[in-house]
Amino acid sequence: MPLPNITLAGGGPVGALLAHLLALRGFTVDVFEKRPDPRTAGYEAGRSINLALAERGLHALRTAGLAERVLSLAVMMRGRMVHAGSAPPVLQRYGVDDREVIWSVSRGELNKLMLDAAEMAGVRFHFGHMVERIDFDARRLCLRDVAGVQREHRFELMLGADGAGSAVRAAMHHVDPLGERVEALGHAYKELEIPPRPENGEARFAIEPHALHIWPRGGYMCIALPNPEGSFTVTLFLPGVGPYPSFATLPDAEHAADFFDTQFPDLLPLMPRFAEDFQAHPAPSLYTLYLDRWHLDGRAVLLGDAAHAMVPFHGQGMNCGLEDAVELAALLAGSPTDPAGVFAEFQRRRKPNADAIAAMALENYVEMRDSVADPRYLAKRALGLRLAEAVPSHFMARYRMVTFTRLPYAFAYQRGKAQDALLDELLATTGGDPQAVVLDEAVALFRNRLEPLPDLPHG
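Notes on the structure follow. Counting starts from 1 at the beginning of each chain's written sequence and moves along it residue by residue. Given that this is a predicted model, residues contribute local features only at a pLDDT of at least 70 and side-chain atom pairs are listed and counted only at 80 or more, while totals for whole chains, interfaces and linings are drawn from all residues. Side-chain figures throughout are based on the complete set of non-hydrogen atoms in the structure, without hydrogens or water.

Examining the overall build of the chain
Okay, so step 1: Secondary structure elements follow DSSP: runs of H or I of four or more residues count as helices, runs of E of two or more count as strands, with numbering from the N terminus. A count of helical and extended segments in the chain gives 15 helices and 21 strands.
Okay, so step 2: When we talk radius of gyration, it's over C-alpha atoms, and the globule rule is simply 2.2 Å times the number of residues to the 0.38. The C-alpha radius of gyration computed for the chain amounts to 23 Å, which stays within 12% of the reference 23 Å derived for 459 residues, consistent with globular compactness.
Okay, so step 3: Across its three principal directions, the C-alpha atoms of the chain cover 70 × 55 × 45 Å.
Okay, so step 4: Relative accessibility thresholds used throughout: buried, under 20% of the residue-type maximum; exposed, over 50%; partly exposed, between the two (1.4 Å probe, protein chains only). Out of the 459 residues belonging to the chain, those deemed buried represent 53%.
Okay, so step 5: We call two residues in contact when some of their heavy atoms are within 4.5 Å. When contacts within the chain are restricted to residue pairs at least 6 apart in sequence, long-range pairs at least 24 apart make up 69% of them.
Okay, so step 6: Only the protein chains shown count as cover for residues, and the accessible areas themselves come from Shrake-Rupley with a 1.4 Å probe. Split by element, the accessible area of the chain, about 19300 Å² in all, is 52% carbon and sulfur.
Okay, so step 7: Charge counting follows a simple rule: Lys and Arg are positive, Asp and Glu are negative, and His as well as the terminal groups are ignored. The location of each charge is read from NZ of Lys, CZ of Arg, CG of Asp or CD of Glu. Side-chain charges of the chain comprise 46 positive and 57 negative groups, with the mean position of each set lying 3 Å from the other.

Some thoughts on unusual backbone geometry
Okay, so step 1: With an omega of 0°, the peptide bond running from Y244 to P245 counts as cis.
Okay, so step 2: With respect to the element layout, P245 can be found in the loop between β18 (232–239) and α7 (253–263).
Okay, so step 3: Positive phi is not limited to glycine here, since R139 has a value of about 55°.
Okay, so step 4: Relative to the elements of secondary structure, R139 occurs in the loop between β9 (129–135) and β10 (140–145).

Let's talk about the packing of helix α1 (residues 13–24) against helix α10 (residues 317–334)
Okay, so step 1: With axes taken as lines fitted to C-alpha atoms, and helix axes fitted only over the stretch in contact, angles between N-to-C directions fall between 0 and 180 degrees. One way to put it is that α1 packs onto α10 with a least axis distance of 9 Å and a crossing angle of 25°. Relative to α10, the element α1 is oriented roughly parallel. Where α1 crosses over α10, the handedness of that crossing is right-handed. Note on element contacts: α10 touches α1 through G321, L322, A325, V326, L328, A329 and L332, opposite P13, V14, L17, L18, L21 and L22.
Okay, so step 2: Looking at the contact of α1 with α10 residue by residue, the class counts come to 12 nonpolar, 1 polar and no charged. For classification, angles of less than 35 degrees are called roughly parallel, those exceeding 145 degrees roughly antiparallel, those between 65 and 115 degrees roughly perpendicular, and all remaining angles oblique. Each crossing is labelled by how the near helix is turned from the far one, with a counterclockwise turn of less than a right angle marking it left-handed and a clockwise turn marking it right-handed. Classification used: nonpolar for Ala, Val, Leu, Ile, Met, Phe, Trp, Tyr, Cys and Pro, charged for Asp, Glu, Lys and Arg, polar for all others including Gly.

Regarding the sheet that holds strand β3 (residues 51–53)
Okay, so step 1: Spatially, β3-β7-β4 is the arrangement adopted by the 3 strands of the open sheet, whose pairing is antiparallel. If you trace the sheet from one side to the other, it starts and ends with β3 and β4 (75–77), each paired once. Averaged over all pairs of adjacent strands, the angle between their axes in this sheet comes to 40°, without regard to strand direction.
Okay, so step 2: The rule for pairing is simple: two strands pair if DSSP sees at least two bridges between them. Relative to strand β7 (residues 102–105), β3 runs antiparallel, the two being bridged by 3 bridges. Within the sheet, the bridge partner assigned to A52 lies in β7 and is S104.

Spelled out as structure tokens, the structure:
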């Protein structure tokens, strides 16, 4: 029996990878993307937030033979460089050494590379085509191009990788409600830039390049991620409305510069185009999307942000979406004549993990904007580092499980809670001093209370 033809909405990184993987397995794939081709039209600035590529995303790229090419476009980040105030910045490593790092990569450059690879594998892309409606009974997709011309496309299977504002999701929900709920964070973000610093005729990084820089300020923060050409993409996260400081209380670049001058005085001088960037770039709101169901029997399924949009504070949104793509491609290749079974199994496997990483991303916002400079957090982190060396079979920091392994997110979430409770218990006996904890007793406690960690491959 011939393989079903695949129609996919969304040509971003998740959609491009899924299309590529399916084409490699012999499927005919058509991708419809509402935006123009970024390889010819450029990539929209001010809305991207650089992507943090970690082990899950790297593994997904390895399955398509793209990992090394993507890493050539990326900058290694060893940890968080915390700018807590007047004190010198301090690096908090993500992992134990340079084998455990994350990679800053431009969303636009990554997307263009993946589009090229997918086309080489035989995928047909149709840019500038917006989904207007979907007749799932007739398997008919109605589209409108940039000139306003309408067209129809017959499909067998519809895959929705068209992002948080998914038109496929809206059409599915109209047929059979998906149990959708949206939880707004109440915060928004705005992108700025630290340009390269000229030095002896060459472009140099203005600050340490191999780190994700954080300026934590309690209820808000700035971060900066490096780019290969020497610049940094800076993102301000701030309440959207409400009392000062919020985006509502910074109506223009002049007010924003005054705010930065008091709260981020070391950062503002690094951004000569601050006023232009602040005025030109939007401030999109941040929210988490939850669905009860991701599929419409065997006709359509959602993945990536279309199924589980999350806030960006764990750097796992794309990694999770690429992991979705690998799972769905493998399931479809294994049972191409049973799409209903495939879509149901895909949801069963992936939804608990998507819910878990969404929760951890929300928790990580508090950690990044506040806890990284908090003595209690630092004490638990210091004790965790001792335990990671002394008893690696029973303790791994949750961040490392999420970022440097492919352990299921749901496992990492629950294991992290159990480990955190034991760290609190140990620190309570020493008044919060991690160095006063008797290491042998701590090791015995973890061995007695917790099962050994699974032996799964990790980077």
